[in-house]
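Commentary on secondary and tertiary structure
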Amino acid sequence: MRIVTTTVVALALTAAAAPAAAAAQPSPPRTDGVWRMDGYGTVLALGGGVLQEYQTTSIGCLKGDTSRQTGPGTYLTTDGTLLTVRTGHDRDHATLAADSSVGHRKLRRLAALPAACARALPDDPRTAFDVFWQTFEENYPFFAAKGVDWHAVRERYRPQVHRDTTRKELFTIFSRMVGPLYDAHVLVRDGDNRFYEVRPGTEVPGEELDAKVKKFIVERDLKDAPYRQDFAAGRITYADLPSGQGYLRISGFGGYAGENAPYSAERAELDKTLNTVLTSERVKRLKGLIIDLRINGGGADALGVRIAQRLTDSPYLAYAKRARNDPADPTRHTRPEPVPVVPADAPRYTGPVAVLTGGSTVSAGETFTQALIDRPGRTVRIGQPTQGVFSDVMVRHLPDGMVFALPNEEFLTRTGRTYDGTGIPPHLVEPVFTKEEFAKGRDSAFDRAVNILPAA
């Protein structure tokens, strides 16, 4: 599960005004100053070699993360994400991009930091409750789809909060408030205590489940494979199958290059893997390619697009991305930004593909699945619906130091559809790693893919 994602933004204070004697010095970068982000409830202040985030609601303003400048218009966040800020057609408009994410965030220059950002919010339980509730009220897009009356939630739980409410009690209240959303991108965290809920009937794609499934697949599905190799710190497995198809298992879109590795290293490791697997000779002889995402904890959406670029000879639309941007109206959004798939300048496989998915296909695993929906050529999905969480995650702070996270974006298909909540459905339904499948040594989705691919 993505908690701090590649698009979590970190920012910094505006530099102090320069004295008159500094007039002969080079002018400050065009990006220095204070900016309001379109959507995301965020104000950014750039200057003095840092980029400072301020998290805003109608309740007030809280200081977020701080990033250090690494070059003209580039900043490194505390989680290793490289941010790039560029002005547009004039000095009052700019965009922000994160290297491991897709799309851009639009910025509009402000004359000064909002007054609320210069005032500290009270550190008391009721203020924490109000900031928590209001952040969801102004940013969360899916209350109607989830059938949750957020105002009724406030009426029920706010009377339970008073000045003597303990952190443990407040953590429990917050968890109960968001539990009915069953949204794997909603998190409440206080130190080592964490709360989140996946969609009912699904399982978190943790390390234990991943190891269990991988062992099962190697011993059952790949036991007669003439070639099998792990790549990217074990997060990717490729095998040639006796039937002439290829099998590519991806358990995440990150963690390829070691702990805390920058996105550039992750991308390089992925490219190395793809160059080894998708050779000119292999892509010519493959009868089909099975891409197994059934246990996939997500990661960087940009890596998924990078793989899609090796699976097409024609450019096409992966999806379009938009964010909620009206605190009072959950139906209003930023203008959808198309995210294209452009064929890679490398050997590409363009034959039939079977994508295996399930409820433990989460986040970037789902955006990659969505990026293959309109792939030119024959693509079939087999298994169960994905988890149903696509958005990058907003990480927010409370005055008492508690942290929570929520989504505020939608990923749209070419026809304007989203799969948040329900997940992307398969074309062909098969059980995925059920107790019965394990007990009887079956992998119905894999077998279906092997059997249908030549005719897909």
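Scope of this entry: the structure provided in the associated data block. (Residues numbered from 1 in each chain as written. Predicted model: local features only at pLDDT ≥ 70, side-chain atom pairs only at ≥ 80, totals over all residues. Heavy atoms only, no water.)

Things to note about the overall build of the protein chain
Helix and strand content of the protein chain: 11 helices and 22 strands. What you see for the protein chain is a C-alpha radius of gyration of 23 Å, in line with the 23 Å of a compact globule of 456 residues. In the protein chain, which comprises 456 residues, the share counted as buried stands at 55%. Of the contacts made within the protein chain by residues no fewer than 6 positions apart, 68% connect residues no fewer than 24 positions apart. Of the accessible surface of the protein chain, which amounts to about 19,500 Å², a share of 51% is contributed by carbon and sulfur atoms. Mean positive and mean negative side-chain charge positions of the protein chain (57 and 54 charges, respectively) differ by 3 Å. (Helix = DSSP H or I, 4+ residues; strand = E, 2+ residues; numbered from the N terminus. Rg over C-alpha atoms; globule rule 2.2 N^0.38 Å. Buried < 20%, exposed > 50% of the residue type's maximum accessible area, 1.4 Å probe, protein only. Contact = heavy atoms within 4.5 Å. Areas by Shrake-Rupley, 256 points an atom, 1.4 Å probe, with all protein chains shown as cover. Lys, Arg positive; Asp, Glu negative; His and termini not counted. Charge placed at Lys NZ, Arg CZ, Asp CG, Glu CD.)

Side note on empty space enclosed by the protein
Scanning the model with the defined rule gives 4 cavities of 30 Å³ or more in all. Taken as a whole, the second largest cavity encloses approximately 50 Å³ of empty space. In this structure, the second largest cavity is lined by Gln55, Thr56, Thr57, Gly60, Cys61, Leu62, Leu121, Val131, Thr135, Arg396 and His397. The set of elements that each furnish at least two residues to the lining of the second largest cavity consists of β3 (50-57), β4 (60-71), α1 (125-139) and β19 (393-397). (1 Å grid on protein atoms, 1.4 Å probe; cavity = no way out; pocket = protein on both sides within 12 Å on 5 of 7 lines; lining within 4 Å. Points joined across faces, edges and corners; volume = space filled by probe spheres on them.)

Thoughts on the sheet that holds strand β14 (residues 289-292)
The strand order across the open sheet formed by 7 strands is β11-β12-β13-β14-β17-β18-β22, and the pairing between neighbours is mixed. Of all strands in the sheet, those with a lone pairing partner are β11 (227-231) and β22 (428-429), marking the two edges. Where strand β12 (residues 236-240) and strand β13 (residues 246-250) come together, 5 bridges link them in antiparallel fashion. Bridged to Thr237 within β13 is Arg249. Helix α5 (residues 207-220) contacts β11, β12, β13 and β14 of the sheet and is inclined by roughly 170° relative to β13. (Pairing = 2+ DSSP bridges. Axes fitted to C-alpha atoms, helices over the stretch in contact; angles between N-to-C directions.)

A closer look at the sheet that holds strand β15 (residues 316-323)
Either a parallel or an antiparallel arrangement is found when strands of a sheet pair, and the pairing is made through backbone hydrogen bonds. With respect to topology, 3 strands assemble into an open sheet ordered β16-β15-β21, the strand pairing being antiparallel. Of all strands in the sheet, those bounded by a partner on one side alone are β16 (337-341) and β21 (409-412). The sheet shows a mean angle of 25° between the axes of neighbouring strands, taken without regard to direction.

Let's talk about the packing of aromatic side chains
On inspection of all chains with the given rule, the structure shows 17 aromatic pairs. Relative to Phe174, the ring of Phe129 has its centre 6.4 Å away and its plane inclined at 35°; by these criteria the two rings are tilted. Here Phe129 is found in helix α1, whereas its partner Phe174 is found in helix α4 (residues 167-178), with 45 residues between them in sequence. Here Phe129 and Phe174 have matching classes, each one buried. Aromatic side chains Trp133 and Trp150 sit 6.3 Å apart centroid to centroid with 5° between the ring planes, which places their arrangement in the stacked category. Here the residue Trp133 occupies a position in helix α1, and Trp150 occupies one in helix α3 (residues 150-157), the gap between them amounting to 17 residues. For the pair Trp133 and Trp150, a shared accessibility class is recorded, and that class is buried. Taken together, Phe129, Phe132, Trp133, Phe136, Tyr140, Phe142, Phe143, Trp150, Phe174 and Phe404 form an aromatic cluster joined through their ring pairs. Stacked on the ring of Trp133, the Lys or Arg Arg154 has its end atom at 5.5 Å from the ring centre. (Phe/Tyr/Trp six-rings, centres within 6.5 Å; stacked < 30°, edge-to-face > 60°. Lys NZ or Arg CZ within 6 Å of the ring centre and 35° of its normal.)

Side note on the layout of surface pockets
When its volume is computed, the second largest pocket comes out at roughly 350 Å³. As for the second largest pocket, its lining consists of 21 residues, and the residues nearest its centre are Arg36, Met37, Asp38, Gly39 and Asn325. Put simply, the parts of the chain that give the lining of the second largest pocket at least two residues each are β1 (33-37), β3, β7 (93-98), β8 (105-110) and α1. Residues of the lining of the second largest pocket, tallied by class, amount to 5 nonpolar, 9 polar and 7 charged. (Nonpolar A, V, L, I, M, F, W, Y, C, P; charged D, E, K, R; others polar.)

Describing the pattern of salt bridges
Across all of its chains, the model carries 28 salt bridges by this definition. The salt bridge involving Glu281 is made with Arg285; its shortest N-O contact spans 2.8 Å. With Glu281 and Arg285 both in helix α7 (residues 280-285), this residue pair falls 4 residues apart, about one helical turn. Among the residues examined, Glu281 registers a relative accessible area of 48% and is labelled partly exposed. Through salt bridges that share partners, Arg105, Lys321, Asp392 and Glu409 make up one connected network. (Salt bridge = Lys/Arg side-chain N within 4 Å of Asp/Glu carboxyl O.)

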